[in-house]
Amino acid sequence: MPVDVLRSLFLFEGLSGEDLEWLSRHGERRTYAAGAVVFAEGEPAAFLFLLLDGEVCLLKSVAGQQVPLSTTTQRGAYAGATRAFVVADTDHTYSSSMTALATSSLFLLPAAQFARFVRERMPMAVHLLDGLFVGMRNSEATIRQREHLARLGTLSAGLAHELNNPAAAAVRAAAQLSVPLAALAGSAAAFARAGVGEEFLARASAVRADAVAQACAAPALGALGRADAEDEVTDLLEDAGVDGAAEVAVTLVAAGLDAGWVAGALERLPGPGCSAAFGWLAAAVEADALTREIGTATEAISALVAAVKEYSYLDSSAVQEVDLHAGLDSTVRMLGHKLRGIAVLREFDPALPRVSAYGAELNQVWTNLLDNAAAAMGGRGTLRLRTSRAGERVRVEVADDGPGIPPEARPRVFEAFFTTKGPGAGSGLGLDSSRRIVEDRHHGSIGFTTGPAGTTFAVELPVAQSLP
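The structure presented is a predicted model; accordingly, all values stated were derived computationally and were not measured.

S.K.: Please explain the packing of helix α2 (residues 17–26) against helix α3 (residues 111–121) as it appears in this structure.
M.R.: Angle between the axes and distance between the axes are the two parameters that describe a pair of packed helices. The N-to-C vectors of α2 and α3 enclose an angle of 160°; their axes lie 11 Å apart at closest approach. With respect to each other, α2 and α3 are oriented roughly antiparallel. Here the hand of the crossing between α2 and α3 comes out right-handed. Within the contact between the two elements, α2 uses E18, D19, W22, L23 and H26 and α3 uses Q113, R116, F117 and R121. Tallied by class, residues from the contact of α2 with α3 come to three nonpolar, two polar and four charged.

Okay, here's the thing in structure tokens:
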């Protein structure tokens, strides 16, 4: 390779004649026909390539397809084993592919010779670049770890908040339950003092069953309607001689039993046992309502625990057949504190198949996308979750109706450390991490469309695949 040709390349500007002679002896010139593959992604990085003439294109494998990264005709443009001299870099493979778009000549310098040249003739540069590489990699790892810990802390705080409400409701209902239970325990004595027989007790039991059924289906009353109903029921009970008529009325109305129902019950329970029957009836209705409240609260706690289990995938290191709908639902529940005020609409394909995936990692993707959507909408709006199938791939869409991504930010959305959020509100690693999980770990693809009407992120994943 003539030294004058090497001297004309910008990469070798400033090198001495001796250095250029060395490079000339250890390198070679090769010509590639149009359409030829110069080097392929993932192969051992054996050469540093410099373009002498022609046109080449760099490509990256994304979701099983070759996506063009850049096209150039610039003399001296280089690619290939660019990090061969970096001691800390153990992954000496081509990070992309190169194809000749026209007949092209390139200067090839073996990676080992390139590394030797730089280390022997530019030792200070090697140390600087090696330290920079290690420092950047460690800094990125540290920031990613802190991002994950911060997100875990946010999720934990949200989960604690979500658990607190049903837990407090269960504790409150359990504490209140002792009062009606004590009243029920004393009902036998009250009935005995009234001298009622089996027939009256049977009618009272039937009225109780009817009251419980009515209470379960009754609509809730407003404050004014409840006050009026309590007054009407109190008058009916006082006229019938029921002891503690006002307290009994409050309990019955709270359970959804109006004056019409109470009037009918009074007709079914006449006589000296009426007061005892309504005291027993109020205690039974209140105990049933509190029991149902405890049941509802504990069911909510159980559902949250199930969501945590689904979200975390306790066997997260293993590839599983993942139900994407369950993962999306559990993520929505985990982010419930951030989605308050936002309507979540699910447009799920009922025939969507399970996919081979790392479940916990995919849930991190859904978390990042939902968190960004909630932030974009400012706590108000509509979030749409859609799933569909296209051949051997499934598609998940997360769409918000926020203001959209600014035009100047769109090219950098998946760039590490880039964020449109304010200082301290985001590290800029969420979408970069999502891209890595979807594309690198699951051989899928992730992209977005955006505009004034909102933003939609779309994730496509293969249904069946062999994951490491």
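S.K.: What is the right way to look at the sheet that holds strand β14 (residues 445–451) in this model?
M.R.: Two strands in a sheet stick together by hydrogen bonds in their backbones, pointing the same way (parallel) or opposite ways (antiparallel). If you trace the five strands from one edge of the open sheet to the other, you get β10-β12-β13-β15-β14, paired in mixed fashion. Taken across any chain shown, the strands that pair with only one partner, and hence form the sheet edges, are β10 (342–347) and β14. The mean inter-strand angle of the sheet, taken between neighbouring strand axes irrespective of direction, is 15°. The sheet contact formed by strand β13 (residues 393–400) and strand β15 (residues 454–462) spans eight bridges and is antiparallel. Looking at β15, one finds that R395 is bridged to E460. Sheet strands touched by helix α12 (residues 430–441): β14 and β15. Its angle to β14, the strand with the most contacts, is close to 135°.

S.K.: Help me out: how do you make sense of the pattern of salt bridges in this one?
M.R.: For side chains bearing opposite charge, pairing can occur when the charged atoms are close. Enumeration according to the criterion identifies 19 salt bridges in this entry. E361 is the partner of R441 in a salt bridge, and the nearest nitrogen-oxygen pair spans 2.7 Å. Taken together, the positions of R441 in helix α12 and E361 in helix α11 (residues 359–377) put the pair 80 residues apart, joining distant regions of the chain. Residues joined in a network through salt bridges with shared partners are E347, R384, R386, R393, R395, E397 and E460.

S.K.: Would you explain a nonpolar patch on the surface in this entry?
M.R.: A surface patch of nonpolar side chains, about 260 Å² in accessible area, is lined by F10, L11 and Y78. Relative to the assigned elements, F10 resides in the loop between α1 (3–7) and α2.

The rules behind these values
Residues numbered from 1 in each chain as written. Predicted model: local features only at pLDDT ≥ 70, side-chain atom pairs only at ≥ 80, totals over all residues. Heavy atoms only, no water. Axes fitted to C-alpha atoms, helices over the stretch in contact; angles between N-to-C directions. Helix = DSSP H or I, 4+ residues; strand = E, 2+ residues; numbered from the N terminus. Parallel < 35°, antiparallel > 145°, perpendicular 65-115°, else oblique. Left-handed = near helix turned anticlockwise from the far one by under 90°. Contact = heavy atoms within 4.5 Å. Nonpolar A, V, L, I, M, F, W, Y, C, P; charged D, E, K, R; others polar. Pairing = 2+ DSSP bridges. Salt bridge = Lys/Arg side-chain N within 4 Å of Asp/Glu carboxyl O. Patch = residues over 30% accessible without salt bridge, like charges linked within 9 Å, V, L, I, M, F, W, Y side chains within 5 Å. Areas by Shrake-Rupley, 256 points an atom, 1.4 Å probe, with all protein chains shown as cover.

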